[in-house]
Amino acid sequence: MEDVDLWRNDIREYEAAYLISELVGQAQKVLIVGPSWGRDFYTLAELGKQVLNMDIALQRHLPAMVQGDASRGFPFPTHFFDAVVMSEVLEHLIEDWVALEEAHRVLKDNGRLIVTVPFYSDQPLYHVRIHSSKTILRLLAASGFSADRIIYRGGVCIRFPRLVHAIRRFLSPVRLSTAWYRAAVMMDRWWGEQRWSQRWAKGAYILARKGESLNWRQINVEEFQH
């Protein structure tokens with residue numbers, strides 16, 4: 001249970017779980033691509049969502065688990081889910097556009113895609129894509145999605161986790177941690193929704209919906225023809 005409860009005791013995990021569940025909103029049938037140890041699964045399941053997990057690695061500790069490579073297709077019917085969550089996944093995929101096209105296929109027409117990515121992160125061996133605030137939006141657009149809401153990551157509180165944890169320990173962690181964490185998330189969310197915050201952002205939470213695909217081939221043709 002220690003891993004399951006980690007998000008409750010770490011402000012970074014708590015913030016991610018809180019904001020992702022907020023972006024999922026009223027969607028009921030949810031697919032999580034890349035659930036890892038299960039933060040988003042347990043958070044959404046506690047909210048009464050019907051949640052399925054899909055991961056390239058078999059996560060034996062998670063129920064409702066399907067093993068599969070997101071860049072090789074999703075083993076689910078078309079227009080099946082109300083929401084698809086891909087948190088810290090796209091930067092791991094060579095064929096990231098395939099995974100997004102599959103997310104587009106399995107989502108209902110009014111469905112929600114929730115994506116989170118780090119910005120300018122190439123240190124881990126498994127990061128094969130490097131995103132900025134602009135490139136992730138272009139990738140989504142080329143895959144038939146338009147960003148409906150963006151919360152840039154790295155706000156006031158999340159920038160100083162040691163200070164936050166020190167204050168939390170000074171106060172009563174059992175009695176006040178939830179209220180403190182929620183207040184911190186509210187401040188970070190406000191910061192992250194200001195356009196100027198992207199200048200210092202370490203990543204983003206994005207709510208995207210189905211829209212017109214950006215014809216990037218034609219854009220390149222028009223730009224570079226001579």
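Just so you know, the residues in each chain are numbered from 1, in the order the chain's sequence is written. Given that this is a predicted model, residues contribute local features only at a pLDDT of at least 70 and side-chain atom pairs are listed and counted only at 80 or more, while totals for whole chains, interfaces and linings are drawn from all residues. Based on all heavy atoms of the structure, the side-chain values leave hydrogens and waters out of the count.

Colleague: An account of the pattern of salt bridges is needed here, citing residue identities and associated values.
Modeller: The term salt bridge refers to a side-chain nitrogen of Lys or Arg lying within 4 Å of a carboxyl oxygen of Asp or Glu. A complete count under the given rule lists 12 salt bridges for this structure. Between Asp109 and Lys210 there is a salt bridge, with its nearest N and O atoms 3.6 Å apart. Placement of the pair is Asp109 in strand S5 (residues 107–118) and Lys210 in strand S7 (residues 203–210), with a sequence separation of 101 residues. Type-normalised accessible area, obtained with a 1.4 Å probe on protein chains alone, sets the label of each residue: buried when under 20%, exposed when over 50%, and partly exposed for intermediate values. Residue class for Lys210 comes out buried when judged on its relative accessible area of 19%. Here Glu193 and Arg149 are joined by a salt bridge, their closest N and O atoms 2.7 Å apart. Of the two residues, Glu193 is situated in the loop between helix H7 (173–192) and S7 and Arg149 in strand S6 (residues 145–153); the sequence distance between them amounts to 44 residues. Given the relative accessible area of 25%, Arg149 is considered partly exposed. The structure contains a network of salt bridges with shared partners spanning Glu22, Arg149, Arg189 and Glu193. For helices the rule is a DSSP run of H or I covering at least 4 residues; for strands it is a run of E covering at least 2, with both sets numbered from the N terminus onward.

Colleague: Before we move on, could you go through the sheet that holds S7 and cite the residues and values that matter?
Modeller: What makes two strands pair is DSSP finding at least two bridges between them. Taking strand neighbours across the sheet as the criterion, the seven strands line up as S3-S2-S1-S4-S5-S7-S6 in an open arrangement whose pairing is mixed. Of all the strands in the sheet, just strand S3 (65–67) and S6 have a single pairing partner and so form its edges. On average, adjacent strands in this sheet sit at an angle of 20° to one another, irrespective of strand direction. Strand direction decides the pairing type here: S6 and S7, joined by eight bridges, are antiparallel. Interaxial angle, 0 to 180 degrees, is taken between N-to-C directions of lines fitted to C-alpha atoms, where a helix line uses only the stretch in contact.

Colleague: An account of a nonpolar patch on the surface is requested, with residue identities and associated values reported.
Modeller: Nonpolar side chains (Val, Leu, Ile, Met, Phe, Trp, Tyr) are joined into patches within 5 Å and like charges within 9 Å, using only residues with over 30% relative accessible area and no salt bridge. With residues, only the protein chains shown are counted as cover, and all accessible areas are computed by Shrake-Rupley using a 1.4 Å probe. A surface patch of nonpolar side chains, about 380 Å² in accessible area, is lined by Trp190, Trp196 and Trp200. With respect to the secondary-structure elements, Trp190 resides in helix H7.

Colleague: Lay out the nonpolar core in plain terms, naming residues and giving numbers.
Modeller: Burial of nonpolar side chains together is a common tendency in soluble globular proteins. Side-chain atoms within 4.5 Å link the members of a nonpolar core, which is a set of buried Ala, Val, Leu, Ile, Met, Phe, Trp, Tyr and Cys residues. Counting residues in each nonpolar core, the largest one holds 30 residues, and the members touching the most others are Phe74, Val84, Met86, Leu90, Leu113, Ile136 and Leu140. For this core, the secondary structure elements donating two or more residues are strand S1 (29–33), strand S4 (81–87), helix H4 (96–106), S5, helix H5 (133–142), S6 and S7. Setting aside residues up to four positions removed in sequence, Leu140 forms contacts with Leu100, Leu113, Val115, Phe145, Ile206 and Ala208. Two residues qualify as a contact provided that any one of their heavy atoms is within 4.5 Å of a heavy atom in the partner residue.

Colleague: Describe the pairing of S4, with residues and values.
Modeller: With respect to burial, S4 is a largely interior element, seven of its seven residues being buried. For S1 and S4, the ladder comprises four bridges, and the chain directions are parallel. Considered in S4, the bridge of Val30 is made with Ala83. When the strands point away from the viewer, a crossover counts as right-handed if the path from the first strand over the helix to the second runs clockwise. Running through H4, the crossover from S4 to the neighbouring parallel element S5 is right-handed.

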